Amino acid sequence: MKDIKVLGPGCARCTTTAEMVQKEADKLGIPVKVEKVTDYAAIAGYGIASTPGIVIDGKVVHAGGLPKSEDLARWLAA
Amino acid sequence: MSLGSITEHAPGASPSTAKWIGGTIAALILWSLIYSQLVPFAEWVVALTPVDPKSHLGEAISFFAYDTPKVLMLLTLVVFGMGVVRSFFSPEKTRALLAGKHEGVGNVLAASLGIVTPFCSCSAVPLFIGFISAGVPLGVTFSFLISAPMVNEVALGLLFGLVGWKVALTYLGFGLAVAIVSGWVIGRLHLEHWLEEWVRNIRSSAVELPPEELSAVDRIKAGIDAVHEIVGKVWPWVIAGIATGAFIHGYVPSDLLVLIMGRDAWWSVPAAVVIGIPMYSNAAGIIPVVEALITKGAALGTVLAFMMAVIALSLPEMIILRKVLTIRLIAVFVGVVGTGILAVGFLFNALF
């Protein structure tokens, strides 16, 4: 089970990003637990400067804007 | 990360890359063909109506029929170009460039990077905290936060297209100056203790993101995405702005505007700033109004000050920033930036 956190204060793009992650994981058959982190202090703790951010098993892989689905697949498979 | 996915992303002249670039060039040619036909198009639209082209209504209709496609087309082109440019930048890269920079140089760099770094007001708070906690000085962070919304591609592109390159360059220069000087002043005031307490307590190190491999096609796609997102969002504002502009063109008498917003009315600059600060519009909505005001004889400095106040300072932005700044710091921010804009208005009216 991969632990995935989507960092963002609850903007439309952050919600879309969380949905994209879940969909891509389902497609690849990778079990994931997607959690949204909306608290500003918690987001800042990950050291990013733009949202939405994606953290997979504690590692920040993406910050700012919607991810590309081929990138998502690559990150999830890694 | 598998090797296969890297080679897929490697930039190179594959057949699909050629297709994308060819398609982009074809689209640009089509764009200029349509653009060159806008004047006959507007005349044709007015001729369709039973209205006398020289009447108030005729002038308003012709302004609207010409400016709507013109502004939307220019906006699309500029946003596409800027989307491609911005794919080379990110807030994280900008932060790495700014961290540890001294005030002065840092303010200039921050204001300049504010133009090309992708920035959305919804991410202003994470950006602010991300910059401060990684050691970017407060004043330098403010220079970025002032410049990013004010000196943007939408404002510059539309000013260039509607009012001319001189005004666009002036706006660029004065906008950067306001961002640099205001940020520098806020830095000199040493107001770090006026940040909200939880912000001061965050100590995080800037994260190292895995490098992104973007091909030429990815950058073209970034431009198209930007068009979808920005033009898709601001077009109602543009149309509302052009309708207001059309009304001013057709109905507001020049004498009245010269009296209220002409260069002899010294009080019009502070009035424009005070009215503009709480107003919220974006560049796309305000510039058609600006064009109409200028052609009706309003002083350029007054109009520029109004425009900067509307775009750079707004109530929604202050409410967002309230999460990280105390009321006192927001007051200083508005005061310093407002004074800077005021100075621009007076200076410009005096010089030109």
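Residues numbered from 1 in each chain as written. Chains lettered and ligands numbered in written order. Predicted model: local features only at pLDDT ≥ 70, side-chain atom pairs only at ≥ 80, totals over all residues.

The secondary structure content of chain A amounts to 3 helices and 4 strands. Along its sequence from the N terminus, chain A presents helices and strands in the succession β-α-β-α-β-β-α. At 11 Å, chain A has a C-alpha radius of gyration in line with the 12 Å of a compact globule built from 78 residues. For the C-alpha atoms alone, the extent of chain A along its principal axes is close to 30 × 20 × 15 Å. Here chain A holds 78 residues, and 40% of them are scored as buried. A sequence separation of at least 24 residues applies to 68% of the contacts in chain A between residues at least 6 apart. (Helix = DSSP H or I, 4+ residues; strand = E, 2+ residues; numbered from the N terminus. Rg over C-alpha atoms; globule rule 2.2 N^0.38 Å. Buried ≥ 20, exposed ≤ 12 C-beta atoms within 10 Å, placed from the backbone. Contact = placed C-beta atoms within 7 Å.)

All names here are of chain B. By the secondary structure assignment, Val 178 is in helix 10 (residues 165–188). We classify Val 178 as buried; it has 27 C-beta atoms within 10 Å. C-alpha separation for the pair Val 178 and Phe 88, spaced 90 residues apart in sequence, amounts to 25 Å. Look past the residues within four positions of Val 178 in its chain and what remains in contact with it is Ile 146, Met 308, Val 337, Gly 340, Ile 341 and Val 344.

Let us now look at helix 15 (residues 283–295) of chain B. Residue and element names in this part refer to chain B. Helix length check: helix 15, at 13 residues, gives a terminal C-alpha distance of 18 Å against a target of 18 Å (1.5 Å per residue), a fit within 8%. Within helix 15, 12 of the 13 residues are buried, which leaves the element mostly enclosed by the surrounding structure. Taken together, the buried positions of helix 15 are Ala 283, Ala 284, Gly 285, Ile 286, Ile 287, Pro 288, Val 289, Val 290, Glu 291, Ala 292, Leu 293 and Ile 294. Of the residues trailing helix 15, Gly 297 is marked for its positive phi of about 100 degrees. (Expected span 1.5 Å × (residues − 1).)

The next point concerns the packing of helix 14 (residues 268–276) of chain B against helix 16 (residues 300–312) of chain B. Residue and element names in this part refer to chain B. At their nearest, the axes of helix 14 and helix 16 sit 8 Å apart, and the two run at 20 degrees to each other. Here helix 14 lies roughly parallel to helix 16, going by the angle between them. In this structure, helix 14 meets helix 16 at a crossing whose hand is right-handed. Facing Ser 268, Val 269, Ala 272, Val 273 and Gly 276 of helix 14, the residues of helix 16 in contact are Gly 301, Thr 302, Ala 305, Phe 306, Ala 309 and Val 310. (Axes fitted to C-alpha atoms, helices over the stretch in contact; angles between N-to-C directions. Parallel < 35°, antiparallel > 145°, perpendicular 65-115°, else oblique. Left-handed = near helix turned anticlockwise from the far one by under 90°.)

Turning our attention to the interface of chain B and chain A. The interface of chain B with chain A comprises 25 residues on the first partner and 20 residues on the second. Put simply, the parts of the chain that give the side of chain B that touches chain A at least two residues each are helix 5 (91–98) and helix 7 (124–133) of chain B. If one sorts the elements of the side of chain B that touches chain A by residue count, helix 7 of chain B sits on top with 7 residues. Its residues assigned to classes, the side of chain B that touches chain A comprises 15 nonpolar, 7 polar and 3 charged. (Nonpolar A, V, L, I, M, F, W, Y, C, P; charged D, E, K, R; others polar.)

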